[in-house]
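# Structure assessment
If you want the building blocks of each chain, they are given just below.
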Amino acid sequence: MSPNAESTAFRSALEVIRAVEPRVADAIGAELTDQRESLKLIASENYASPATLLAMGNWFSDKYAEGTVGRRFYAGCQNVDTVEALAAEHARELFGASHAYVQPHSGIDANLVAFWAILADRVESPALRRAQVRQVNELTEADWFALRRELGDQRMLGMSLDAGGHLTHGFRPNISGKMFDQRSYGTDPTTGLIDYDRVAEAAREFRPLILVAGYSAYPRKVNFRIMREIADSVGATFMVDMAHFAGLVAGKVFTGDFDPVPHAHIVTTTTHKSLRGPRGGMVLCGPELADQVDRGCPMVLGGPLPHVMAAKAVALAEARRPDFADYASRIVANAQALADGLLRRGAKLVTGGTDNHLVLIDVSGYGLTGRQAEQALLDSGIVTNRNAVPQDPNGAWYTSGIRIGTPALTTRGLGTAEMDATAELIHTVLSQTTPGANADGSASKAKYVLDPALADKVSRQAGELLAGFPLYPAVDLG
Ligand code: PLP
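Because the structure is predicted, anything quoted here is derived from the model rather than measured.

### Observations regarding the site of the ligand
Around the ligand, a shell composed of Ser106, Gly107, Ile108, His166, Tyr215, Ser216, Asp241, Ala243, His244, Thr270, His272 and Lys273 is seen. The contact in question runs from an oxygen atom of the ligand to an N or O atom on the backbone of glycine 107, over 2.8 Å. Protein chains bury 84% of the 390 Å² of accessible surface belonging to the ligand in isolation.

Structure below.
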């Protein structure tokens, strides 16, 4: 590759866009500047490689390709077949899965594909066999209504939201909570850890069709072997949503009992978080569910996004290189250094630390809500997000937690020494922020008081910390 290839590619792209709508070109340039200048600790974000980004900006975006490789409902999909097959092959090899479906447009979509595949396999197919027909439109009215009742009567057991579970694991604001009768397992109130005996007890009482493991805000490993045993003991299908930690599985940080792929019947993921690919989703499974999973489009998905599948192929190829394993282990080393730095300075952490890519600070220890802490940190150039902690008294909007993660800063090259410096900046801001009051003098859960001079100082220090680790160093937009 020529030394200026990346700069030339992005500069030329912006020049072409600018000729049509300069404000879009300006916004794209401004986004790069903002990302370069902010200390990004959002646990679900990362920085995709230039090759991954560039694979998305081309004429694959023009294609309709409903169906699967070699079996499309549209003519002229031979090149889409090439990239979809490549992405699936890289995914299978990377994760050791027998089947990979790379069409889901996002993590939510991947979960919907998986839920439907399980329902179709466990409920619809047996109903069709009973009625001795091959398709639902051949069912009598009575059999169809019976099937709909049966489908609507299914149960899911997943991790509770305040313990770190995700909305798509059967919660009411999401379609999954309308498809399934849901019950949650939480974490032990003293240790903050999953109590597998309690999960087994809940499974015995509730008899779910699906047991879901996976999280957005649980800072520890999950033992998938034990979870599979629990699922088997009640005849449930075991599904793992590894959206957050797929990069740690890919990089062989999570192996044995902590690698979901050999233990789960079906695994879903996003491709853009710790896996560092384009925004999108993916489903991995064994041969039993493969046919149902491949019906994702048009069952629950719109036409596949071939340009994103091309980018998935590129990012998954990158994740198969030896340096990705090094990246994944540095993500965890950095999260642990950040946690240690915070603990040493007196912060309260959910579970007392981390063994993955994220840390959950209980900011009630600083007398703040998550909302106040999130804004005070943002004023100081540190981007995080507020998050509920287990049994959170402030609910899901104000919260009592701040979730921070290391995949993005690790991509930039920051290491454990910089994590200690980051812990110092976070602690300085949170310990110097005080809760504000409403106009009537009552305590506010949103307002806060932070000396702007201190916020500016921390912002400058964050900038100095980042200066040694330029983002997209080979991209110069001029
Ligand atoms: N599953 C988990 C565990 C997640 O954390 C998320 C996103 O935050 C999703 C699914 C949904 O992913 P997406 O935003 O791509 O739909």
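### Re the packing of helix H5 (residues 107–131) against helix H6 (residues 141–152)
Running from N to C, H5 and H6 point in directions that differ by 150°, and their axes come no closer than 11 Å. Between H5 and H6, the interaxial angle falls into the category roughly antiparallel. For the pair H5 and H6, the sense of crossing is right-handed. On the side of H5, the interface is formed by Trp116, Leu119, Val123, Glu124, Ala127, Arg130 and Ala131, while H6 contributes Asp143, Leu147, Glu150 and Leu151.

### Some thoughts on the sheet that holds strand S8 (residues 237–241)
An order of S4-S10-S9-S8-S7-S5-S6 is seen for the seven strands of this open sheet, with the pairing classed as mixed. Only two strands of the sheet have a single neighbouring strand rather than two, namely strand S4 (99–101) and strand S6 (181–185). For this sheet the average axis-to-axis angle between neighbouring strands, irrespective of direction, equals 20°. For S8 and strand S9 (residues 266–270), the ladder comprises three bridges, and the chain directions are parallel. Residue pairing across strands places valine 240 opposite valine 267, the latter belonging to S9. Where H5 meets the sheet, it contacts S4, strand S5 (155–159), strand S7 (210–214), S8, S9 and strand S10 (281–285), and its direction lies at approximately 165° from that of S9.

### Some details on the domain arrangement of the protein
A common way to state how big an interface is: give the accessible area lost once the parts meet. When the domains of the protein are assigned, the result is domain 1 (59–319) and domain 2 (323–467). Computed from C-alpha atoms alone, the centre-to-centre distance between domain 1 and domain 2 is 31 Å. On the domain 2 side, the residues contacting the 27 residues of domain 1 number 27 residues. Carbon and sulfur atoms make up 58% of the area that domain 1 and domain 2 hide from each other, which totals about 2100 Å². At the junction of domain 1 with domain 2, the criterion picks out one salt bridge. Arginine 220 serves as the salt-bridge partner of aspartate 355, at 3.4 Å between the closest nitrogen and oxygen. Seen at the junction of domain 1 and domain 2, the total is twelve residue pairs in polar contact (both at pLDDT 80 or more). When contributions to the side of domain 1 that touches domain 2 are tallied by element, the ones reaching two or more residues are helix H10 (246–250) and helix H13 (306–319). Ranked by the residues each element gives to the side of domain 1 that touches domain 2, the list is headed by H10, at three residues. Here the residues of the side of domain 1 that touches domain 2 sort into 14 nonpolar, eight polar and five charged.

### Remarks on the environment of glycine 177
Tracing the sequence through the fold places glycine 177 in helix H7 (residues 175–179). By relative accessible area, glycine 177 is classed as buried at 15%. Taking the C-alpha atoms as reference, glycine 177 lies 8.4 Å from leucine 167; in sequence the two are ten residues apart. Filtering out sequence-adjacent residues up to four positions away, glycine 177 remains in contact with Gly170, Phe171 and Arg172.

### What about the nonpolar core?
Among the nonpolar cores identified, the biggest contains 60 residues, and Phe95, Leu211, Met227 and Leu275 are the most heavily contacted of them. If you tally residues by element for this core, the top one is helix H4 (residues 78–95), at seven residues. There are two domains that each give this core at least three residues, and those are domain 1 (59–319) and domain 2 (323–467). Among all residues touching phenylalanine 95, those that are not within four sequence positions of it are Met242, Ala246, Val249, Ala250, Val261, Leu275, Met282, Leu284 and Leu316. Residues Leu377, Leu409, Val429 and Val458 belong to the second largest nonpolar core, which totals 35 residues.

### Some details on a nonpolar patch on the surface
On the surface, Tyr64, Phe73 and Tyr74 cluster together into a nonpolar patch covering about 370 Å² of accessible area. Within the secondary structure, tyrosine 64 sits in the loop between helix H3 (50–56) and strand S2 (67–68).

### Side note on the sheet that holds strand S13 (residues 385–387)
Strand pairing in a sheet takes place through backbone hydrogen bonds and is either antiparallel or parallel in direction. Across the sheet, three strands lie side by side as S11-S14-S13; this open sheet has antiparallel pairing. Two strands lie at the open edges of the sheet, namely strand S11 (358–362) and S13, each paired on one side alone. Along the sheet, successive strands turn relative to each other by an average axial angle of 35°, direction set aside. Taken together, the three bridges between S13 and strand S14 (residues 401–405) define a ladder with antiparallel strand orientation. From the neighbouring strand, asparagine 387 faces S14, where its bridge partner is glycine 401. Relative to S14, helix H15 (residues 370–379) is tilted by about 45°, and along the sheet it contacts S13 and S14.

### Overview of helix H19 (residues 452–467)
Its 16 residues give H19 an end-to-end C-alpha distance of 22 Å, which sits within 8% of 22 Å, the value for a rise of 1.5 Å per residue. Within H19, burial applies to Leu454, Ala455, Val458, Ala462, Leu465 and Leu466. With its buried residues spanning 110° around the axis, H19 presents them on a single face. Across H19 from its buried face, at more than 90 degrees, point the exposed residues Pro452, Arg460, Glu464 and Ala467. Where H19 is buried, its residues contact helix H2 (22–37), strand S1 (39–40), H15, strand S12 (382–383), helix H17 (407–412) and helix H18 (416–432). The N-cap of H19, judged by a side-chain oxygen 3.0 Å from the amide nitrogen of alanine 453 a few residues on, is aspartate 451.

### Here's the deal with the packing of aromatic side chains
By the definition in use, this model includes eight aromatic pairs. Ring centres of tyrosine 215 and phenylalanine 245 lie 5.0 Å apart, and the angle between their planes is 25°; on these two criteria the pair is classed as stacked. Of this pair, tyrosine 215 sits in the loop between S7 and helix H9 (224–233) while phenylalanine 245 is found in the loop between S8 and H10, placing the two residues 30 residues apart along the sequence. A single burial state applies to tyrosine 215 and to phenylalanine 245, both of which are buried. One aromatic cluster is present, formed by Tyr215, Tyr218, Phe224, Phe245 and Phe254 through successive ring pairs.

Scoring rules and cut-offs
- Residues numbered from 1 in each chain as written.
- Predicted model: local features only at pLDDT ≥ 70, side-chain atom pairs only at ≥ 80, totals over all residues.
- Heavy atoms only, no water.
- Near = heavy atom within 4 Å.
- Polar contact = N/O pair within 3.5 Å; in protein donor to acceptor, adjacent residues only side chain to side chain.
- Areas by Shrake-Rupley, 256 points an atom, 1.4 Å probe, with all protein chains shown as cover.
- Axes fitted to C-alpha atoms, helices over the stretch in contact; angles between N-to-C directions.
- Helix = DSSP H or I, 4+ residues; strand = E, 2+ residues; numbered from the N terminus.
- Parallel < 35°, antiparallel > 145°, perpendicular 65-115°, else oblique.
- Left-handed = near helix turned anticlockwise from the far one by under 90°.
- Contact = heavy atoms within 4.5 Å.
- Pairing = 2+ DSSP bridges.
- Domains from an automatic or database assignment.
- Buried area = accessible area lost by both parts, 1.4 Å probe.
- Salt bridge = Lys/Arg side-chain N within 4 Å of Asp/Glu carboxyl O.
- Nonpolar A, V, L, I, M, F, W, Y, C, P; charged D, E, K, R; others polar.
- Buried < 20%, exposed > 50% of the residue type's maximum accessible area, 1.4 Å probe, protein only.
- Core = buried A, V, L, I, M, F, W, Y, C linked by side-chain atoms within 4.5 Å.
- Patch = residues over 30% accessible without salt bridge, like charges linked within 9 Å, V, L, I, M, F, W, Y side chains within 5 Å.
- Expected span 1.5 Å × (residues − 1).
- Arc of directions from axis to C-beta.
- Phe/Tyr/Trp six-rings, centres within 6.5 Å; stacked < 30°, edge-to-face > 60°.

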